[in-house]
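Descriptive structure summary
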Amino acid sequence: MKELKLTVGGDHPTTLQNFLSGQEGVSKRLLTRLKRQENAGDEIILRFEDSGALEPNPALNIPVAFENERLVVFDKPAGVPVHPSIKHQGDTLGNFFASLYPDLTFRPVNRLDKDTSGLCIVAKDAHAASLLQGSCRKVYCAAVEGTPPEYGQIDAPIARERESIILRCVREDGQPSLTCYKRLKTGKRYSLMEVRPETGRTHQIRVHFAHIGHPLAGDDMYGGSLADIPRQALHCGTITFPEPGSGRVITVTSELPEDIAALFQPDLL
C-alpha cells in the first residue's frame, strides 16, 4: 500500500473535493470515496491499494530511461505492444512492468503502437496517472519518403475508416488534428523529421504524413515502402512532463534506434 500526504493550505476553508480536484489533480473516481467536509491546514493522507493483474515476464528486459517513486519511463523497442491483446498475452510492456512491480496496476500514460519505438510513461498510482494525463509533451523522430518542406504544419481532421477498426484517414467529419514538423536531414530516399503532435489521435503522425504524400518508411498500412525497414520508422525520442508532487519539469530523451538511423547511411543517401 502506498501513501501520499497532502496539506490543505490557505486561510479559507475549502472542501476536499475542490482542493483535490484542483491543484492536486485527483480523479473524480477517487473523489467519490472522500467525504465533502471543509478543511484548512489539515494534512490529508491518501492510501492507494493496487494489485498487479498481468502475468509477469522479466525476460523482455525493456530499458528504463527514468524512474522515481511515482512513475517509470520505459524505452520501448519496436515490436513490443504496450497492452496485452488476443494475439499478445505475455510479451507486452505491461507484462514486463508486472515483473518489476508485482503489486502495482499497469497505468500507461502515453501509448505507442507496437512497432513504434521510444519513450512510454507508466504511472505507479492512480493519482500520478491523473496528474500526468494530458500534461506530457512528446517529440518524435520519423523517417518519411521524399522531401517535405523544411518546416510545416499538417492541420487535417482524422477519422476512423468506416469499414475498419484499425485504419484511420483524413476526412472532413473527423476530429481536429494538428502535427508540427521540422526537417532535420535529407537523403536520396528519405527525410528525417522532428515531429510534434499537438493533438493525440490514433496513428496521427502516420496518417498526416501519408496525407501530404510523404508516408513513413516501412509503414505499408499507409502507403510506405518496406524496402529498407520492416516497420514504421517512428520513434518517440523526447518526453517532457511535470513531476507529480513537486511540479518540477522533467525531460527524458532516447537515442534514435539503429534501424531508423541506418536509413541515412551513405549507401542510402
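To start, this report covers the structure provided alongside it. (Residues numbered from 1 in each chain as written. Predicted model: local features only at pLDDT ≥ 70, side-chain atom pairs only at ≥ 80, totals over all residues. Heavy atoms only, no water.)

Some points on unusual backbone geometry
Not every positive phi belongs to a glycine, and Asn61 is a case in point at roughly 50 degrees. Position of Asn61 relative to the elements: it lies in the loop between strand S4 (43-48) and strand S5 (64-67). (Helix = DSSP H or I, 4+ residues; strand = E, 2+ residues; numbered from the N terminus.)

Thoughts on the pairing of strand S14 (residues 190-197)
In terms of residue burial, S14 counts as a mostly covered element, since seven of its eight residues are buried. Summarising the sheet, strand S9 (residues 137-145) and S14 pair through six bridges and their orientation is antiparallel. The residue of S14 that forms the bridge with Ala143 is Leu192. As defined by bridge partners, strand S13 (residues 178-186) adjoins S14 across seven bridges and the pair is classed as antiparallel. Residue pairing across strands places Thr186 opposite Ser191, the latter belonging to S14. (Buried < 20%, exposed > 50% of the residue type's maximum accessible area, 1.4 Å probe, protein only. Pairing = 2+ DSSP bridges.)

Some thoughts on the side chain of Asn68
If you trace the backbone, Asn68 turns up in the loop between S5 and strand S6 (71-76). Only 2.9 Å separates the side chain of Asn68 from the backbone nitrogen of Arg70, close enough to count as a polar contact. Within polar-contact distance, the side chain of Asn68 engages the backbone nitrogen of Leu71 at 3.0 Å. Setting aside residues up to four positions removed in sequence, Asn68 forms contacts with Lys124 and Glu243. (Polar contact = N/O pair within 3.5 Å; in protein donor to acceptor, adjacent residues only side chain to side chain. Contact = heavy atoms within 4.5 Å.)

As for the nonpolar core
Core analysis: the biggest nonpolar cluster contains 40 residues, and Ile121, Phe209 and Phe241 have the highest contact counts within it. Counting residues per element, this core draws most heavily on strand S8 (residues 117-123), at five residues. Look past the residues within four positions of Ile121 in its chain and what remains in contact with it is Leu71, Val72, Val73, Arg107, Pro108, Val109, Asn110, Leu132, Cys136, Ile239 and Phe241. (Core = buried A, V, L, I, M, F, W, Y, C linked by side-chain atoms within 4.5 Å.)

Digging into the environment of Gly90
As for its position among the elements, Gly90 is in the loop between S6 and helix H3 (93-100). The spatial distance from the C-alpha of Gly90 to the C-alpha of Leu60 is 9.6 Å, given a sequence separation of 30 residues. Not counting chain neighbours up to four residues away, the residues in contact with Gly90 comprise Asn57, Leu60 and Asn95.

Observations regarding the side chain of Thr92
Locating Thr92 in the fold gives a position in the loop between S6 and H3. A polar atom in the side chain of Thr92 sits 3.2 Å from the backbone nitrogen of Gly94. Those residues within four positions of Thr92 in sequence are excluded, and the remaining contacts are Leu60, Val80, Pro81, Val82, His83 and Pro84.

Points about H3
For H3, a buried count of six out of eight residues is recorded, marking the element as mostly surrounded by other parts of the structure. Along H3, the residues classified as buried are Leu93, Gly94, Asn95, Phe96, Phe97 and Ala98. Those residues of H3 that are buried are in contact with S6 and S8. Its side-chain oxygen at 3.2 Å from the backbone nitrogen of Gly94, Thr92 defines the N-terminal cap of H3.

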